[in-house]
Amino acid sequence: MKQAIILIAALNLFCGTADFSVKLIYIKPDAEVRLKINNFATTLEKQLDNYNWKFPHDDFDKIETNISVNIEKATADKTFTGIINISSGIASPTVQSIALKKDIYFNEQDIVFTMDYESDPILDKMDPGSIETLVLFYVNLVLGENFDRLSYTDQKNFRLEGDRYFQKLFEFENILTSATERISWNKRLEIINNHRQNTKADIRKLNAFIYNAVYFINSGKKDRARFFADPIFEIISKTTEYPLNFFANNFYALSEIFSLAQDAKFLKLLIEKDPEHESTYSQKLPKLPMREKTKINE
């Protein structure tokens, strides 16, 4: 029996689950409405947890996503305005040498949405004005970002697994039938168009390479992690625009990956692109042999 319990525990380390947290924050004095909104949020969270997301694979422990909506104003017809914040990332069951950060983040201000808090939410109702559709859009977006990182990169033209979720985003544009709806979806339409035009292809590959390299370092396979230094170097060399906080979130991982290459050009590139973390990169620079140090001093 003990062996069976150990086996089950081991299998649960990589069970490929999605864990959601939903908060709908409404600070108005109407206690009855606040309670109904809280119950709505709890039910929506359970629906997200139990939804069939059709993961490309389950070779990960858990994807954690936090969704927070700050409701600023309400009207009589259950229409609200506010701000939505979404953060997400791949969780790890153990402490690792390079921590996995939940660095996927989206924010949209001045959102307008309806919420029938008198009834249970309908997650896939695909009503362009509903809170459920707004949440479903951003969940597909963050799942795409997560599975880009979880893509297997053992082939030159590897498939980015986030594609299946980004392609789902295109379906949301089809439900917009008026100019007013398109205006309210302006920021989301911009995201859809960026993915349709594949404008972030290099950044998506960069995220995949970094995650895979970190995976091998944390698994004690630095010899395999070293192979990622070259493709990461190539993308960073030609990239001029990065997502917000890209280096703040990845500088330590990048320094560890590039130090495996034992070539100063890798870390010097990081110093050039990210001078704020120069001290970290400089500490990883390959040490000169004593003979070369003597020549420099002379």
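Keep in mind that this is a model prediction, so the values were computed, not measured. Starting afresh in each chain, residues are numbered from 1 along the sequence in its written order. Residues qualify for local features only when their pLDDT is at least 70, as the model is predicted, and side-chain atom pairs are given and counted only at 80 or more; totals for whole chains, interfaces and linings, by contrast, use all residues. Note that the side-chain values use all heavy atoms of the structure and ignore hydrogens as well as water.

Participant: Can you break down empty space enclosed by the protein residue by residue, with the values?
Facilitator: Method remark: on a 1 Å grid restricted to protein atoms, a set of points is classed as a cavity if a 1.4 Å probe fits but cannot get out and as a pocket if it is open with protein on both sides within 12 Å along at least five of seven lines; lining residues have an atom within 4 Å of a point. Grid points are joined across faces, edges and corners, and a volume is the space filled by probe spheres set on the points. According to the stated counting rule, one finds one cavity of 30 Å³ or more in the structure shown. When its volume is computed, the largest cavity comes out at roughly 30 Å³. Lining the largest cavity, in full, are Asn194, His195, Asn198, Thr199, Lys200 and Arg204. Classification used: nonpolar for Ala, Val, Leu, Ile, Met, Phe, Trp, Tyr, Cys and Pro, charged for Asp, Glu, Lys and Arg, polar for all others including Gly. Considered class by class, the residues forming the lining of the largest cavity number no nonpolar, four polar and two charged.

Participant: Quick rundown of the environment of Leu134? Include the residues and the values.
Facilitator: Within the element layout of this structure, Leu134 appears in helix H3 (residues 131–149). Judged by its relative accessible area of 3%, Leu134 falls in the buried class. Sequence separation of Leu134 and Ser92 is 42 residues, and the distance between their C-alpha atoms is 28 Å. We call two residues in contact when some of their heavy atoms are within 4.5 Å. For Leu134, the residues in contact, after removing those within four places along its chain, are Ile84, Glu108, Ile111 and Arg188. Secondary structure elements follow DSSP: runs of H or I of four or more residues count as helices, runs of E of two or more count as strands, with numbering from the N terminus. Exposed residues in this analysis have more than 50% of their type's maximum accessible area, buried residues have under 20%, and partly exposed residues fall in between, with area computed by a 1.4 Å probe over protein chains only.

Participant: Before we move on, could you go through the side chain of Arg188 and cite the residues and values that matter?
Facilitator: Relative to the elements of secondary structure, Arg188 occurs in helix H6 (residues 186–196). A relative accessible area of 3% means that Arg188 is categorised as buried.

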